Amino acid sequence: MTVRLSEEQLALRDAVRELADARIAPRAAAIDESGEFPWDVVELLASHDVLALPYPAAHGGLGGDLLTVCLAIEAVSRVCATSGLIVAIQELGGLPLLLAGSPEQHARWIPDLAAGRILPAFALTEAEAGSDAASLRTRAERDGDGWRIDGAKRFITEGNVATIVNVFAVTDDSPEARRAHRHLSCFIVERDMAGFSAPKIEHKMGIRGSPTAELVFEGVRVPDANRVGEVGEGWSIALRTLERSRPGIAAQAVGIAQGSFEVAARYAAERRQFGRRIGEHQMIGALLADMATRTEAARQLLYTACQEIEAGTPLAGRWAAMCKLFAGDTAMAVTTDAVQVLGGYGYVSEYPVERMMRDAKITQLYEGTQQIQRLVVARDVMARGS
Amino acid sequence: MRIVVLLKAVPIVGTERLLDAFRVDRGSGLEANGNDEYVLEAALQLTEQHGGEVTLLTMGPAGALEALRKGLAMGAARAVHVQDDAVAGSDARGTVRVLAAALGRLEYDLVFAGADSSDGLGGVVPAWLAARLGLPYLSYAARIEPGPGGATVRVRRISPTGFDLLEAPMPALVMGTQLLGEPRYPSLRGIMQARTKEIATWSLADCGLQPAGVGLAAAASEVVGATAPPPRGGATIVRDQPDAAVTQIVDLLASRRLV
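### Topic: the overall build of chain A
From N to C terminus, chain A includes 13 helices and 10 strands. A globule of 386 residues ought to have a C-alpha radius of gyration of about 21 Å, and chain A, at 21 Å, matches this closely. The principal-axis extent of the C-alpha atoms belonging to chain A is close to 80 × 50 × 40 Å. When contacts within chain A are restricted to residue pairs at least 6 apart in sequence, long-range pairs at least 24 apart make up 75% of them.

### Comments concerning the environment of B:Ser187
Within the element layout of this structure, B:Ser187 appears in the loop between β11 (172-176) and α5 (188-194). Counting along the chain gives 27 residues from B:Ser187 to B:Val214, while the straight-line C-alpha distance between them is 37 Å. Once you skip the residues sitting within four places of it in the chain, B:Ser187 turns out to touch A:His48 and A:Asp49.

### Quick notes on the interface of chain B and chain A
Each side of the interface is counted separately: chain B has eight residues, and chain A has 12 residues. Residue classes in the side of chain B that touches chain A are distributed as five nonpolar, one polar and two charged.

### Quick notes on unusual backbone geometry
Residues and elements named next belong to chain B. Here the residue pair Met170 and Pro171 is connected by a cis peptide bond, since its omega of 0° sits within 30 degrees of zero. We note that Arg257 has phi near 60°; this positive angle belongs to a residue other than glycine. Here Arg257 is to be found in the segment after α6 (242-255).

### Details of the domain arrangement of chain A
All names here are of chain A. If you check the domain split of chain A, you get domain 1 (7-115), domain 2 (120-233) and domain 3 (236-384). Look at where the C-alpha atoms of domain 2 and domain 3 centre, and you get two points 30 Å apart. Taken together, the contact pairs 10 residues of domain 2 with nine residues of domain 3. Its residues placed into classes, the side of domain 2 that touches domain 3 shows six nonpolar, three polar and one charged.

### Some remarks on the packing of helix α3 (residues 92-103) of chain B against helix α4 (residues 125-133) of chain B
Residues and elements named next belong to chain B. Packing of α3 against α4 brings their axes to within 9 Å, and their N-to-C directions diverge by 50°. By the angle between their axes, α3 is oblique relative to α4. Considering the relative orientation of α3 and α4, their crossing is right-handed. From α3, Ala92, Thr95, Val96, Leu99, Ala100 and Leu103 reach across to α4, where they touch Val125, Trp128, Leu129, Arg132 and Leu133.

Cut-offs applied
- Residues numbered from 1 in each chain as written.
- Chains lettered and ligands numbered in written order.
- Predicted model: local features only at pLDDT ≥ 70, side-chain atom pairs only at ≥ 80, totals over all residues.
- Helix = DSSP H or I, 4+ residues; strand = E, 2+ residues; numbered from the N terminus.
- Rg over C-alpha atoms; globule rule 2.2 N^0.38 Å.
- Contact = placed C-beta atoms within 7 Å.
- Nonpolar A, V, L, I, M, F, W, Y, C, P; charged D, E, K, R; others polar.
- Domains from an automatic or database assignment.
- Axes fitted to C-alpha atoms, helices over the stretch in contact; angles between N-to-C directions.
- Parallel < 35°, antiparallel > 145°, perpendicular 65-115°, else oblique.
- Left-handed = near helix turned anticlockwise from the far one by under 90°.

Put into structure tokens, the structure is as follows:
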């Protein structure tokens, strides 16, 4: 199977790329340096409907398929990984609603998400439940006609700037429920609910403009209308969400790789040493060839994964893990090589590749470490025998 | 307010190539002419504020379609594409004949045109077209607004002393400059909606024209030569502490009698 982008996908991709080049690229270094969340970029992406892409037209979205959403994430991440993540999180944080929400919940929140008027966050990870995500401790207990949530979440992207937070909490602690993965439920916690706070923002190596928050829930009263899906459906919702959101991170990784490759290629065509352009020296030429090849391979795996997942393949989890795994490793390798091509200039902030190298690292860590992706693929291989 | 915007598809700036007889290669890689995007932006803002619709009109090869699609994605309601092998090589006179004939089949209150095109650079088509159609011609518009009462159009043109205020009854033809304000980027919604908007393709016959009056053979003017601009001299880059740098730059300018 080969992936040919449709005319519409090409037009949308080019439009996002043009917007990113003109309006986001000039901001990228400052966003990284200040470490402040770029609300102006949110406004820009919202006003050009980029944040509307993953949402259905009936609620003001554009009804873009997974591949189209990923094309947008890639195009923005090519110049600014923090800004690309805004697009990815707008999708990730809306997925539980899209996958398991009621028509009333859709009508209540999706128009605002599609318009970019509110930002969502996805809160699964806890301090003691990282890769072992099912072992989380945040609890939701019945309280009258609603729920009472107690606990804490860690490493939650945009957790402090989000208006709605998808919180996964234990609703049945019995060994049977845990064994059957029916112990979790998903709730929407709204920012202004009493007992909810975001006391700490992490200081990070990369994606520095994207706030990563610790969230605390102290007896947060949540009405039952904010429960997404059935009681006990939380783990299933989380897994189905990740099947569609991991490609988004792969797209971010491909974008970062592409961005750093372009800088390196341009530099190699201009910089002269030993009397010729450095790209004409075989050792640099080989680096550039590998960077281009790896990036394209990651991109093609991502695009195929998107189409397979959108078509309803039973191997969705495997495709999602494979493309995130390969693209994340590619981004790390290609950005590291980009720094190498630029030499000393690559190591200083005068050029963007050191930032891209720092940004690339996160794609090997979040939405499941590379080790977890391998685990997903390996388990599937062993279950199917191929 | 019904506005027709003349939108030319030009070679992507920086990639222009000449064919034989110094004709511009329009075979590939076309984009909307930059100046035309500025008047399109003004037209879109006027119709958004005062009602009405914007129609794009272009004369050009098949590759002009992408430029029209961008204009539609920005917000124009429909487009007319005059496409006919016989118009290739037309000079300004031939272009004016075709555009005038096409405009004769459209209903409009205003026609907007950019100051010039990045490939032709003649800058005569708007005035010529207004003369041929007998329309009032308001040139170098920096701002366009409806006149009081609604039957006229008002234009500001920057002058040495401030600005001139021009007013003319509609229909009229307005030539605008980049002072009108930055054109918008098409939104993604606009791009998706553009796919369903009408692009009418008209031949010369559809415009009621014979091939004899247009095209290279009928051109009244001929490009007899073209040379690439000489490469620019090396720039002098001053790198120093601010005070020392300012002194160096002032000295440099003074040595060339520029200050």
